[in-house]
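Topology and contacts: notes
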Amino acid sequence: MVGQTDGMEFLCYHRDRPGSLPLREELGEAHWSYMDRFAARMIARGPTFAADGETPTGSLHIVDLPDPAAARAFAFDEPNYQAGVYRDVLLRRWRNTLGRTMWDFPGGRTGGDRYLVLGLGAGEAADLATPSAADTLIAYGPLLSDDGTGWLGTAALIQAPDPDAARAVLTQDRYAAIDVHPWEFGGRR
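Residues numbered from 1 in each chain as written. Predicted model: local features only at pLDDT ≥ 70, side-chain atom pairs only at ≥ 80, totals over all residues. Heavy atoms only, no water.

**A word on the sheet that holds strand β7 (residues 151-159)**
Strands pair in a sheet through their backbones, by hydrogen bonds, and they do so in one of two ways: parallel or antiparallel. Read across the open sheet, the eight strands follow the order β2-β3-β1-β4-β6-β7-β5-β8; overall the sheet is antiparallel. The two strands at the open ends of the sheet, each matched to only one other strand, are β2 (42-49) and β8 (175-182). For this sheet, the mean inter-axis angle between neighbouring strands, taken without regard to orientation, is 25 degrees. Two strands pair when backbone bridges link them, and strand β5 (residues 114-121) and β7 are joined in this way by seven bridges, in the antiparallel orientation. (Pairing = 2+ DSSP bridges. Helix = DSSP H or I, 4+ residues; strand = E, 2+ residues; numbered from the N terminus. Axes fitted to C-alpha atoms, helices over the stretch in contact; angles between N-to-C directions.)

What follows is the structure, encoded as structure tokens:
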């Protein structure tokens, strides 16, 4: 599967509200059906988990859309969001530094631990070039302002032995915060 890239790329990370797992499970098919409408435009997708690796904590989608208004509609029309599964949404322009989708990752869909790493910017742009660990990167790129000119941070999907190794893909002292979440490939199998 190859995502289209004729619009703008956006990272959308819906973070679960505590105690919403039963509602999330009830709405599973509605979520999947909604996302099926965007399958050709997906760069990456999948759930994040708590440290136990089993309890869902969020849903990540990196998708190519025409403009910021379409990205907001994508994020806020999503059935789980509409029903209250999510506590909040991180929605940012994103640039696909690797120029590929997660389905093009040489490591495949399974094998090894995978993480979502979100570095929230603090000051001057950092980590704009692809890191030397490119063979373990599933997706990588800067988080940007709606107009694409302001650097707001960096997001990476990476295969790594542990959360600390995943966090090390970013320059530690250049971010206000770096969050690391266990993540797995999503989409219909």
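**Thoughts on the layout of surface pockets**
Empty space within the largest pocket amounts to approximately 340 Å³. Around the largest pocket, the lining comprises 18 residues; the ones closest to its centre are Arg24, His31, Trp32, Pro47 and Ser59. Looking at the lining of the largest pocket, the elements that each hand over two or more residues are α1 (21-26), α2 (28-36), β2 and β3 (56-65). The element that contributes the greatest number of residues to the lining of the largest pocket is β2, accounting for four residues. Of the residues contributing to the lining of the largest pocket, the split by class is five nonpolar, eight polar and five charged. Roughly 170 Å³ of internal volume is contained in the second largest pocket. If you trace the second largest pocket, you find it lined by Phe49, Gly53, Arg109, Thr110, Gly111, Gly112, Asp113, Arg114, Tyr115, Pro182, Trp183 and Glu184. Residue composition of the lining of the second largest pocket, grouped by class: four nonpolar, four polar and four charged. (1 Å grid on protein atoms, 1.4 Å probe; cavity = no way out; pocket = protein on both sides within 12 Å on 5 of 7 lines; lining within 4 Å. Points joined across faces, edges and corners; volume = space filled by probe spheres on them. Nonpolar A, V, L, I, M, F, W, Y, C, P; charged D, E, K, R; others polar.)

**Looking at the side chain of histidine 61**
Assignment of secondary structure puts histidine 61 in strand β3. We classify histidine 61 as buried; its relative accessible area is 1%. Non-local contacts of histidine 61, meaning those with residues more than four positions away in its chain, are made with Phe10, Leu11, Cys12, His31, Met35, Met42, Ala44, Arg45 and Phe74. (Buried < 20%, exposed > 50% of the residue type's maximum accessible area, 1.4 Å probe, protein only. Contact = heavy atoms within 4.5 Å.)

**Some remarks on the pairing of β7**
Along β7, seven of the nine residues are buried, which leaves the element largely enclosed by surrounding structure. Two elements, strand β6 (residues 137-144) and β7, share seven bridges in a ladder whose sense is antiparallel. Paired with leucine 143 across the two strands is glycine 153, which belongs to β7. What sits between the antiparallel neighbours β6 and β7 is a turn of six residues, in which glycine 148 has the positive phi angle 80 degrees.

**Side note on the environment of glycine 153**
Turning to its location among the elements, glycine 153 is positioned in strand β7. Spatially, the C-alpha atom of glycine 153 lies 22 Å from that of proline 66, the residues being 87 residues apart in sequence. Filtering out sequence-adjacent residues up to four positions away, glycine 153 remains in contact with Gly119, Leu120, Gly121, Pro142, Leu143 and Tyr175.

**Digging into the environment of threonine 149**
Inspection of the secondary structure assignment puts threonine 149 in the loop between β6 and β7. Here aspartate 147 takes part through its side chain, which lies 2.7 Å from a polar atom of the side chain of threonine 149. (Polar contact = N/O pair within 3.5 Å; in protein donor to acceptor, adjacent residues only side chain to side chain.)

**Concerning the packing of aromatic side chains**
Evaluation of the coordinates by the stated rule reveals six aromatic pairs. A ring pair is formed by tyrosine 34 and phenylalanine 38, whose centres lie 5.3 Å apart and whose planes are at 55 degrees; its orientation type is tilted. No difference in accessibility class separates tyrosine 34 from phenylalanine 38, as the two residues are buried. With centroids separated by 5.3 Å and ring planes inclined at 45 degrees, the aromatic side chains of tryptophan 183 and phenylalanine 185 adopt a geometry described as tilted. Feature note: the residues Tyr34, Phe38 and Phe74 constitute an aromatic cluster, connected by ring pairs. (Phe/Tyr/Trp six-rings, centres within 6.5 Å; stacked < 30°, edge-to-face > 60°.)

**Quick notes on the pairing of strand β1 (residues 8-16)**
Moving residue by residue along a regular strand, the side chains alternate between the two faces of the sheet. Counting buried positions along β1 yields eight of nine residues, so the element is predominantly enclosed. Two elements, β1 and β3, share eight bridges in a ladder whose sense is antiparallel. Across the sheet, the residue bridging to cysteine 12 is histidine 61, located in β3. As paired strands, β1 and strand β4 (residues 86-94) are joined by seven bridges and run antiparallel to one another. Considered in β4, the bridge of leucine 11 is made with arginine 92.

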